[in-house]
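# Structural overview
Spelled out from the first residue to the last, the chains are:
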Amino acid sequence: MSKTYKIIFWVAVVALLFFMNESLPITDSVESNYAQTAKEMLNSGNWISPQIYGVYWFDKPIMSYWLIALGFKLFGINEFGARFFPALSGLAGMWLTVWFGKKIYSEKIGYLAGAILLTSVEFFTISKSILTDGMLFFFFNACLAFFYLGYSTDKKNYYYGVYAFAALGTLTKGPIAFLLPGLIIVLFLIWERQWRELGHAKLISGTILFFLIAAPWYGAMFYLHDDFFGKFFGTHNFLRATVSEHPRDNVIYYYTAINILASFVWIAFFPATIKNLIYKAGHWLRPVAREKFLLLWVFTIFFFYQNMATKYITYTYPLLLPLSILIAAYIVEKGENLGMKAVIAFDTLIYGGVAITAILLPQYNDEAMDYDHKAVILVCTCAVAMLWAAWKKWRGATCYRTVLTILCVAYTFNLVAVKVLAQPLMFKVSAIKAAEYINANVPEGTTIYSLDNYPTSAVFYSNRKIINLIPDRQESKYHPTGFSWNAKNVMPYRIYTKIDTKEKCVVLVRPRAHRELNLAFWNQYLNQKVYGPWEVYTNY
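I will try to describe carefully the structure that is included in this document. Everything numeric in this text was worked out from a predicted model, so none of it was measured. Sequence order as written defines the numbering, with residues in each chain counted from 1. Whole-chain, interface and lining totals are the exception, using all residues; otherwise, since this is a predicted model, local features are given only for residues with pLDDT of at least 70 and side-chain atom pairs are given and counted only at 80 or more. Each side-chain value is worked out from all heavy atoms of the structure, with water and hydrogens disregarded.

Residue Ser29 is bonded to the preceding Asp28 through a cis peptide linkage, with omega at 5 degrees. Secondary structure elements are defined from DSSP: runs of H or I of at least 4 residues count as helices, runs of E of at least 2 residues count as strands, and each element is numbered from the N terminus. Tracing the sequence through the fold places Ser29 in the loop between α1 (3-18) and α2 (30-44). Of note, the amide linkage connecting Phe264 to Val265 takes the cis form, showing an omega dihedral of 25 degrees. Positioned with a positive phi, Lys202 is a non-glycine residue whose angle comes to about 55 degrees. Here Lys202 shows up in the loop between α9 (176-192) and α10 (203-224). Its relative accessible area of 25% is what places Lys202 among the partly exposed residues. Phi is positive for Asn463, which is not a glycine, with a value near 60 degrees. Position of Asn463 relative to the elements: it lies in the loop between α20 (456-462) and β6 (467-470). Whether a residue is buried, partly exposed or exposed follows from its accessible area with a 1.4 Å probe, protein chains only, as a fraction of its type maximum: under 20%, in between, or over 50%, in that order.

Have a look at this one:
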């Protein structure tokens, strides 16, 4: 691969990961939690114990807060600062994909795997989001990559990378960062019948390295906070695995649907990729160690999280790395014999479906996103481009040109979507406009309430205390208690009957929450104004 193509590739990566990051508002409810915690860390000078709303907060370990706070330190407390290290983590994950693909296959496959990852929907989305998952993607997958390089080569010092990255992952997400890679490694050694390899795996010195990196922060937290073990390991780890936080998502097809969308536009290659590994020319095959490891990497992550009680869209994100490498290896192996019909048909169907949805949904759902016409034009153009690729392939275009067309269409879609899809959607789920109103019009000392979905982003942007209004009948279910999901409710709250109706106050209300308010109380509030997804009411 020429130096020019490599430069073009990395420029394209950086452009997509950092484009418009300063213009994407911090959204509720997840992004704002991380941003606000990092902001309070920076302002308080307490870099050991995470806190939010002035309350100690043990939802995640320290690494993501450190990095986001460092972004604030470098670039100011703003959107770009908050998104800098998540985007940099995406860049690190991209480097790891290319480097590991080169190590175990070839430079061509490494860069193609990187291009596939870059144009996958989930990589693009998470790398521009204020989440822990992009950071975990790098640490988690680096742990497994270094294991396989230690296993498959004579350079056994690679094994130290396993322990170092597992420790960094543990500081990012918790025990899952070493337990799940450990499970994948154990399953691989069982499949390969290579238990003797553990004798070369630096078990003693590597374990010491792991604890040298991970133990100091955890030790400090145990020493400083008597309730750390119960809240962090109990509520935010064990409870998450055994009791569904969102029961509606606990369905058998959840991660199948998620990963079809996450790895769009390439997922249609995956069935043929699997078939190519296990069945050729009428004969069943046994994959070699390299493909065994990559397959275990993909499917263990998938089935592990499918069997967890709590499901989140981002949990299976790390499997995109081995998936991208497997698909890239398949495309290169097949060359001009690559089957393209199913891929083009599937991608065209998805782009077309998104276009139709964007046109019709606002007509039938008042709360649906009213997309700008540019968004509709974008997805329609991508659908037409895929049809054009199909026509060119039918007319004799090479598979190389067809794959390049898919890459260009997907990259262009992701880049333009930042402006015409992502930004409008993010304003739809951010309280930045309400916070701007508060900063400009609400005197200091005025009580500010919210109703329905606490707007942490308003706290972040306004630097004001916001009190969540709770119906009296819901207080017992809402109040944070021990070993339950209520323990996450650390924001300030007040029940209706405790409101001082004579004080000057502001209420931020989601439109659907009107029916929750007592009518006599509600009638005092005048001057309704709409700021983004929030209506602002005042009684003065």
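A few words on the side chain of Lys128. Within the secondary structure layout, Lys128 lies in the loop between α6 (121-127) and α7 (133-152). Here the positive residues are Lys and Arg and the negative ones are Asp and Glu; neither His nor the chain ends is included. Salt bridges, as used here, are contacts in which a Lys or Arg side-chain nitrogen is within 4 Å of a carboxyl oxygen on Asp or Glu. Buried charge Lys128 goes without a salt bridge, the closest partner of opposite sign being Glu22 at 7.7 Å. For Lys128, the side chain forms a polar contact with the main-chain oxygen of Phe19, separated by 2.8 Å. Polar contacts here mean pairs of N or O atoms no more than 3.5 Å apart (in protein, one a potential hydrogen donor and the other a potential acceptor; neighbouring residues in sequence count only if both atoms are side-chain atoms).

Okay, the pattern of salt bridges next. Where charged atoms from two side chains of opposite charge come close, those side chains can pair. With the rule as written, the count across this model stands at twelve salt bridges. Glu333 serves as the salt-bridge partner of Lys280, at 2.8 Å between the closest nitrogen and oxygen. Of this pair, Lys280 sits in strand β3 (residues 279-280) while Glu333 sits in helix α15 (residues 320-334), placing them 53 residues apart in sequence. Judged by relative accessible area, which is 33%, Lys280 ranks as partly exposed. We note a salt bridge from Glu436 to Lys433, for which the minimum N-O separation is 3.9 Å. In this pair, Glu436 and Lys433 are both assigned in helix α19 (residues 432-441), three residues apart and thus about one turn of the helix distant. Residue classification places Glu436 among the partly exposed positions, given a relative accessible area of 41%. Residue Lys433 is classed as partly exposed on the basis of its relative accessible area, which comes to 35%.

Here is the rule: rings of Phe, Tyr and Trp (six-membered ring for Trp) pair when centre to centre is within 6.5 Å. Planes less than 30 degrees apart are stacked, more than 60 are edge-to-face, and the remainder are tilted. What the rule picks out here adds up to 58 aromatic pairs. Taken together, a centroid distance of 5.5 Å and an interplanar angle of 80 degrees make the contact between Phe178 and Phe210 edge-to-face. Taken together, the positions of Phe178 in helix α9 and Phe210 in helix α10 put the pair 32 residues apart, joining distant regions of the chain. The class for Phe210 is buried, based on a relative accessible area of 12%. Centroid distance Tyr254 to Tyr255: 4.9 Å. Interplanar angle 85 degrees. Geometry classified as edge-to-face. Owing to a relative accessible area of 10%, Tyr254 belongs among the buried residues under this scheme. With relative accessibility at 0%, the residue Tyr255 sits in the buried group. By way of ring pairs, the aromatic residues Phe58, Trp217, Tyr218, Phe222, Phe228, Phe229, Phe232 and Phe233 are connected into one cluster. Only lysine NZ and arginine CZ atoms are considered, and such an atom sits over a ring when it is within 6 Å of the ring centre and within 35 degrees of the ring normal. The ring centre of Phe460 lies 4.8 Å from the NZ or CZ of Lys39, which sits over that ring.

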